[in-house]
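Structural overview
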Number of protein chains: 2
Amino acid sequence: MAPTYTLYYGRFIQLPRQQHSQPGIKPSLEINTGVLWVLNADGIIQGFDWSVPMNEHDDAKGQDEALSAFVQGKGWTVVENGSDEGSVQKDTVIILKGCRKGGNSFFFPGFIDTHIHASQYPNAGIFGSSTLLEWLKKYTFPMERSFEGKEKAPPQAYTVYNKVISRTLSHGTTTASYFATIHVPATNLLATLCHRRGQRAFVGRVCMDNLVFCPEDYHDASGEESVTATQEVIDYIHKLDPQGKLVAPIVTPRFAPTCSHKVLGELGQLAKSYNPPLHIQTHISENKNEVILVKELFEESESYAQVYDDTGLLTPRTILAHAVHLTPEERALVKARDAKVAHCPASNSALGSGHCEVRKFLDEGITVGLGTDVSGGYSPSILETARQACLVSRLVSSQSAASETTGYESLSVEEALYLATRGGAQVVDMADQIGGFDKGMYFDAQLIDLGAPVETLSEDSEVSLDDGQGDTGNIDVFGWENWEEKIAKWVWNGDDRNVKAVWVSGSFLSIISYLPMSLVSELDAHSG
Amino acid sequence: MAPTYTLYYGRFIQLPRQQHSQPGIKPSLEINTGVLWVLNADGIIQGFDWSVPMNEHDDAKGQDEALSAFVQGKGWTVVENGSDEGSVQKDTVIILKGCRKGGNSFFFPGFIDTHIHASQYPNAGIFGSSTLLEWLKKYTFPMERSFEGKEKAPPQAYTVYNKVISRTLSHGTTTASYFATIHVPATNLLATLCHRRGQRAFVGRVCMDNLVFCPEDYHDASGEESVTATQEVIDYIHKLDPQGKLVAPIVTPRFAPTCSHKVLGELGQLAKSYNPPLHIQTHISENKNEVILVKELFEESESYAQVYDDTGLLTPRTILAHAVHLTPEERALVKARDAKVAHCPASNSALGSGHCEVRKFLDEGITVGLGTDVSGGYSPSILETARQACLVSRLVSSQSAASETTGYESLSVEEALYLATRGGAQVVDMADQIGGFDKGMYFDAQLIDLGAPVETLSEDSEVSLDDGQGDTGNIDVFGWENWEEKIAKWVWNGDDRNVKAVWVSGSFLSIISYLPMSLVSELDAHSG
C-alpha cells in the first residue's frame, strides 16, 4: 500500500528550538504560512514548505490553486478524508485547511503539562483558607482515597479521569505527566484512558509509605508495596503500549516527607534498571514548612535536593515540581544532574507557596517547563499557567532593586509559550519528538482561532445580539495588531474557546469541549 | 394603572452589608432560596420571602405550586412577560425563574468595576516588555488619541465603546466607573451608549494639561480647557440623565503628573460646587517611579496623597486607583478624608507595579473595591480581578514572616466577592442603592449557572462528544460540593459563560455574549 499523508495548510506559529544562547536573550516567535505534511502511518512530520502562498483573506479559490500546484509537484493523489486509501496505488494525501474565517487562526504546538494530579481534579478551585500541608490533609488525601478499588477501579476513577483528559485536551494539552493515586487498578485505568483517547501521557502510581506524614487511611501498606505496586503499573503500561508511543510509566515518589529513605532508594534503583531509564517525578521545596519538615525527617542529608540525589532520584529524566525555595547549592546540584523543573505558578500563588524565581533557573541553564499542578493549581489550562508565569515573574521583577527599570526577571509572553511547548518537551526528555513543528517530530498540535476582527461601527450601526463574540471567547482582535500582539492577546485573554482542534501524533482527537459539530464531521474520520 | 412587579424565584447569594466589625473577621456568604420582587416602574427591590419553598431538583410542578400560593397571598395577577400590563386593573406580576437545569444556578449582585479605561480596551493584553510610564507612551496615549473628533465622535469611539460595554456586561458588570479620553464628543458618546444600553456608569473626561509629562500630540490645549471641557461633559450627562438614575459624570484628573497644580485645584472646586458634590476619580502611587516623579513635580507637597488633598480632590466621593505604594501617613490621610480605593490587582501584577497590601487598608477601615483597570489590567472581568486579588494577597502573605502560618493577609474568596459587590458600591458612594439584594436597592443582578453536575461514568459508559461541557465553561461540579465550595469553584474557574443574564435597575440587558437565544426570547420583552 502506498503511503498516505495529511497536508496541513495555514499559518504555523512556534517557538525556536533553542531558547537562547546566553542569559537575557529572549526568544521570538517563528511565524510561517504554507504547508506541512505528516505521514499518517506514524503521525510524524515529513516536511514543510513555507513558499506555498496562503491568501490571508479567505480566498478559497486562490488557496485551492496553490494547494493543487503543490500536490501535483509532489505527485500525490488527493483523497477525501475517510476514503478507502488502501485501494489507491499512488501516494495519497488528505488536505486539511487551518485557515478559518477572519484570518486569525493558526496551528500551534500542543501544550505540555509537566505536572498535574489527575485524581485531584474534582477539587480544582477549592482551597479553603489552608496552606500546603493542611490542604493536603483536608482536601487532597481524602479525594485520592476515593479512587480505591482492590480488583478494579471504581466509577469515581472513570468519571474523574475521563473528565480530566477532556478538560486538558480542550485546553490544548497534548502531553501530560500525571500523578494518579496509590491504587493500581485506578492508575492502570488512567493509562488505558489516555491510550484509548489518544493523549500522550506519563502515568505514575503515587508512592507514600512513611506513616510519619501520610494520613492513617491513605498510604502504602508497606515500603515493599510501594515498589511492587509501582512495578505492577509499569508492567501494565509496557504491555498496553509496548513501544511507549503514546503512554509511558513514570516512577512517582510523592515527595520526600511521605517516603522512607529506603523506598526512595529502591525507586531510584527501579528507574535505573530499565534501558533507557524510566522517567521519575516528585515534588521539591514547594513550601517553607515543607523544607523544614524534610530537614527534620532526613537529618543525614545536606538539603532537600540532596535527599533525592542520595537515593538516585536526581536524573536527566526526573521532573521536580515547584522548586520554589531551592538554595543556590541545590540549583547547582539539579543542574549538575540535569534534572528538570516543572514550574507551577498558579499553584504556587494560590497556595501561597511563594514566588519561584524562574529567571535564575534559566540563566543557570536548568531546564524548565510548566505544570498546572491541578488541584494545587486551580486550572487545567497551560495557557492560564503561562499567564500566571508572566504575572509572577513581573512581581518578582518589581521587588528586585536591580531590575526595577529593566524588568530583567519578567518572562515575556514568548518565553512563557516557550516553557509551555519546547521547555515542556525538554522536561519530559522528548525535545526531539514534540514541542514544535520540526521535521521528524510527532504532529502534536492545536488549531487556535482568535476570531474575526471586530466590525467597525458608526452612529447608525445596529449592535447585533451576539456582537460577534460567538465562539472565540474573550479575545477581541481589532485588525491593526501584528502577530506578536495577537499572540499576546491570546496569552492574556485566551481560553479553551480558542482551541478548535487538537492532534496527537497526527491523530485528530474528537472529544473536545466546544468543538463545532461541523469541524468534527469534517475531521472525524482522520482520528482512526 | 396598577403597579406591575417582577418576581424572581430561585437561589440568591450575596455578601453581608457590613464586611466585618473587627479586623480579621472574614465575611460569610448569605445564601437564601425563595422569591424577591421588584417594582418594574423603578427597578427597586420591594421585598423578599425566603420561606417560599424551592425544589432543588427541577420539579417544575412543585415550583409552580409554591409560586401560585405566594402570588395568591399577595393578591397579584400573573401576566406574561410583554403583555399589555396597562389594561389590568389589579396589581400584576411577571414571574421569572432563575432555577436552571442541574440545580446550580443563582442570582448574584452585579459586579462593580470601580476603575476601567473604556478607551484603552483594544489594547487589552498588549504590554510589550514595558513598565508603567513607558507603556503609557507606547500604547496608551496613541490609542486614546484615536478617539479624537472635533464635532462628533469618530467610528473608533462607537466601535470600542460598544464593545467594552458588551464585554463588561457579559462578565456581569452592572456598574462601571469609566475613564474615557480628553475628547468631549467621544466622552459624551460613551455616556450615551451606557445610558441607551442600560449599564450603570460614571463617565469621566480625562484631564491632562501638564506638558512636562503629557505627550506632545495628546493633551488639553490649556489648563482652562481641562476645566471647561469637563464642564461641557458634566452638562451633557446631566441633560442626558437629569436624575442621575443610570449615568453620572465624574471629575477625572488623569493623575498628578499630567495635571498642573492649578487645574487640580480648579477640578476640586468644580466637584465641590455641586450638591451633592460630584464624584472624582484619579490614580495614585501605582508605580515606584511614578511616586518619585510626583515628588519632583510637586515639591511643595509632603506626599502624593497630599497633592490631592491640597487641591480639594480627596473627598468621600473620590476613587483612588491602585494605591500600591501609599505610606502609612498617606493611608491615614485617605482614611481621614474617607476617600475610596480601587484595588487593581490584575493590572498591578501585569505591569509589575507591585503588591497592594489590601489587608492593611481593610484593617485600617479604608473602603476598597475592585477595578479591572483595562488595559493595564488585561481582562474586563471583575471575576478575574477577584481571582487576582486572592492570588496577590496569598503572595503577600507568603512573604510576611508574621503570617506565614496564619495566612492573615490572604483574602478569602468571600472577601474578594465582597470587594466586587458591596465594597464597590461603597467606593462609588452607592452602598444604599447597589451591591446586594436589600429592600430598597436597585435590582442590579446577574444570573449565574455553574452547570449540571458531572455524570458518573462506569467502565461501559460512552463518553459523549460534548462531554456535558456545553455552555457553562470550565467549572465542573461533581455533586458533593457545598455552596461555599461551589462559589469557590466559580471564583477560581468561572468566566462569562456562567453569566446567563444581567439586570440593571430591574431591566434585563439583552446584549450579552453567549446569551442563549431561548433565554432572550423569554426575557427580552422585559427589557423595555
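Residues numbered from 1 in each chain as written. Chains lettered and ligands numbered in written order. Predicted model: local features only at pLDDT ≥ 70, side-chain atom pairs only at ≥ 80, totals over all residues. Heavy atoms only, no water.

As annotated in an unreviewed UniProt entry, chain A carries the name Guanine deaminase and is attributed to Talaromyces atroroseus. As its UniProt record puts it under Catalytic activity (unreviewed entry), chain A is described as follows: "guanine + H2O + H(+) = xanthine + NH4(+)". Checking UniProt for chain A, the heading Function (unreviewed entry) contains the comment "Catalyzes the hydrolytic deamination of guanine, producing xanthine and ammonia." (UniProt positions renumbered as here; feature names shortened; annotations may be inferred.)

A count of helices and strands for chain A gives 15 helices and 18 strands. Looking at the 528 residues of chain A, the share that counts as buried comes to 65%. A sequence separation of at least 24 residues applies to 73% of the contacts in chain A between residues at least 6 apart. Accessible area of chain A: about 17,900 Å², with a carbon and sulfur share of 49%. (Helix = DSSP H or I, 4+ residues; strand = E, 2+ residues; numbered from the N terminus. Buried < 20%, exposed > 50% of the residue type's maximum accessible area, 1.4 Å probe, protein only. Contact = heavy atoms within 4.5 Å. Areas by Shrake-Rupley, 256 points an atom, 1.4 Å probe, with all protein chains shown as cover.)

Residues A:W490 and B:W490 are the most contacted members of the largest nonpolar core, which totals 252 residues. Aside from chain neighbours lying at most four places away, what touches A:W490 is A:F106, A:F108, A:F111, A:L383, A:R387, A:L417, A:I448, A:L450, A:I475 and A:N498. (Core = buried A, V, L, I, M, F, W, Y, C linked by side-chain atoms within 4.5 Å.)

With that settled, the discussion passes to the pairing of strand β13 (residues 318-322) of chain A. Residues and elements named next belong to chain A. Buried residues dominate β13, accounting for five of its five residues. Across five bridges, strand β12 (residues 279-284) lies against β13 in parallel orientation. Across the sheet, the residue bridging to I280 is T318, located in β13. Note that the unit made of β13, helix α9 (residues 328-337) and strand β14 (residues 340-343) has a crossover that is right-handed. (Pairing = 2+ DSSP bridges. Right-handed = clockwise from strand over helix to strand, strands pointing away.)

Another aspect to go through is the packing of aromatic side chains. Residues and elements named next belong to chain B. All chains considered together, the criterion is met by 60 aromatic pairs over all chains. Seen in terms of ring centroids, F70 and W76 are 6.2 Å apart; in terms of plane orientation they differ by 75 degrees. Their pairing is edge-to-face. According to the relative accessible area criterion, F70 is buried, its value standing at 11%. Residue class for W76 comes out buried when judged on its relative accessible area of 8%. (Phe/Tyr/Trp six-rings, centres within 6.5 Å; stacked < 30°, edge-to-face > 60°.)

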